[in-house]
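Single-letter residue listing:
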Amino acid sequence: MSKKSKKKKTSGLDGNTQAFGVNGQPKISKKEYEAEIFKLQVELVKLQDWVKATNARVVIIFEGRDAAGKGGMIKRIMERVSPRVFRVVALPAPTEREKTQLHAQRYVEQLPAGGEIVIFDRSWYNRAAVEYVMGFCTKEEHRHFLRDCPIFEGFLVSQGIILLKYWLEVSKKEQHKRFLARIKDHSKRWKLSPMDLESHRRWYDYSRARDAMLAATDTAASPWFIIPSDDKKRARLNCMAHILSSIPYEEIPYTPPKLPPRQKRKGYLEPKQKHRMVPQLW
């Protein structure tokens, strides 16, 4: 038996890319990817119509390490839907006043009303990861959060809110690659903050925090779903398909409207006033 065949497979969330089933899978072509994601986006529009018609309330949480692909995932979800129904919440660091409030208070203000879907680009789970690892909360505050969070989420679900929680899992190798790309690419440098650099250094501190979070808050009422995100295209397709399969929406019958005829000119003339035009460079 060769050394290669004796090699033990890695397992768990901290494994390499191969552990997540990415190895050996052919790359999805751009043409195939765009075709499949368009189908899913059409279904998201149907979901949107159903949410409006039924006054449903949906919360989708995206968490994960820095450079795990949360932003790109949310961008593709939002591409063809209405921002009046799908709303993205990405809160900045809390103000001095907000630091004295209940931890979940500023997030509760962002919860959906009837007919809305709210996507959290990071959420109250900041306390379980960034705040805890970076020392922005105490160990006691962290412990209280892990204890109370399932109760809080159980209340949301009991009130009829559909709650979906996704953790995007990126490997060490891929995260490192994406950080280097941000350094080299002028259009991506804004994505790399001092906090990102520190998260790169504290890989295993984040791993321990993630493990504790999943152990305490992965419940029957509000389970976590892990999305391997080294392959961004597969991650987006799989996540969008899972969202659609997790919500019991139905297609709302659509009656195409008839465009009314244009009104008559009734003497209207274009004004002779000259306006400043944008230079036509293309």
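Residues numbered from 1 in each chain as written. Predicted model: local features only at pLDDT ≥ 70, side-chain atom pairs only at ≥ 80, totals over all residues. Heavy atoms only, no water.

1. Regarding unusual backbone geometry
- Non-glycine residue asparagine 55 carries a positive phi angle of around 60°.
- On the basis of relative accessible area, asparagine 55 is assigned to the exposed category, the value being 51%.
- Although it is not a glycine, arginine 122 adopts a positive phi angle of roughly 75°.
- Counting through the fold element by element, arginine 122 comes out in the loop between β3 (116-121) and α6 (130-133).
- Using a relative accessible area of 17% as the deciding quantity, one classes arginine 122 as buried. (Buried < 20%, exposed > 50% of the residue type's maximum accessible area, 1.4 Å probe, protein only. Helix = DSSP H or I, 4+ residues; strand = E, 2+ residues; numbered from the N terminus.)

2. Some details on the sheet that holds strand β2 (residues 86-89)
- A sheet is described by the order of its strands in space; here five strands give the open sequence β2-β3-β1-β4-β5, paired in parallel fashion. The open sheet is flanked by β2 and β5 (224-228), the only strands paired with a single partner. Taking the axes of each pair of neighbouring strands and ignoring which way they run, one obtains an average angle of 20° across the sheet.
- Note: strand β4 (residues 162-169) against β5, five bridges, orientation parallel. Considered in β5, the bridge of tryptophan 167 is made with isoleucine 226. (Pairing = 2+ DSSP bridges. Axes fitted to C-alpha atoms, helices over the stretch in contact; angles between N-to-C directions.)

3. Description of the nonpolar core
- The biggest cluster of nonpolar side chains holds 35 residues, and the ones touching the most others in it are Leu47, Ile60, Phe62, Ile77, Phe86, Tyr166 and Ile243.
- Only α2 (30-54), β1 (57-64), α3 (70-78), β3, β4 and α11 (232-246) provide two or more residues apiece to this core.
- A per-element tally of this core places α2 first, with seven residues.
- Setting aside anything within four residues of it in sequence, one finds isoleucine 243 in contact with Ile60, Phe62, Ile77, Leu164 and Tyr166. (Core = buried A, V, L, I, M, F, W, Y, C linked by side-chain atoms within 4.5 Å. Contact = heavy atoms within 4.5 Å.)

4. A look at helix α8 (residues 172-184)
- Here α8 is 13 residues long and its end C-alpha atoms lie 19 Å apart, about the 18 Å a rise of 1.5 Å per residue gives.
- Regarding α8, the residues found buried are Glu174, Gln175, Arg178, Phe179 and Arg182. Mapping the buried residues of α8 onto a view down its axis gives an arc of 140°, with all of them on the same face. Within α8, the exposed residues directed more than 90 degrees away from the buried face are Lys173, Lys177 and Lys184.
- Buried residues belonging to α8 abut α9 (194-201), α10 (203-217) and α11. (Expected span 1.5 Å × (residues − 1). Arc of directions from axis to C-beta.)

5. As for the packing of aromatic side chains
- All told, the structure shown has nine aromatic pairs when counted by the stated rule.
- When the ring of tyrosine 125 is compared with that of tryptophan 224, the centres are 4.8 Å apart and the planes differ by 65°; the resulting orientation is edge-to-face. Of this pair, tyrosine 125 sits in the loop between β3 and α6 while tryptophan 224 sits in strand β5, placing them 99 residues apart in sequence.
- Every member of this aromatic cluster is reached through a ring pair, and the members are Tyr107, Phe120, Trp124, Tyr125, Phe145, Phe152 and Trp224.
- The residue whose ring lies beneath arginine 65 is tryptophan 203, and the NZ or CZ to ring-centre distance is 3.5 Å. (Phe/Tyr/Trp six-rings, centres within 6.5 Å; stacked < 30°, edge-to-face > 60°. Lys NZ or Arg CZ within 6 Å of the ring centre and 35° of its normal.)

6. A short note on the pattern of salt bridges
- For the coordinates displayed, the defined rule picks out 20 salt bridges.
- The salt bridge involving lysine 39 is made with glutamate 36; its shortest N-O contact spans 3.4 Å. Within this pair, lysine 39 and its partner glutamate 36 are both found in helix α2, separated by three residues, close to a single helical turn.
- When the shortest N-O distance is used, the salt bridge between arginine 122 and aspartate 66 registers 3.1 Å. Of this pair, arginine 122 sits in the loop between β3 and α6 while aspartate 66 sits in the loop between β1 and α3, and the two are 56 residues apart along the sequence.
- Among the residues examined, aspartate 66 registers a relative accessible area of 15% and is labelled buried.
- Overlapping salt bridges bring together Glu34, Arg76 and Glu79 as one network. (Salt bridge = Lys/Arg side-chain N within 4 Å of Asp/Glu carboxyl O.)

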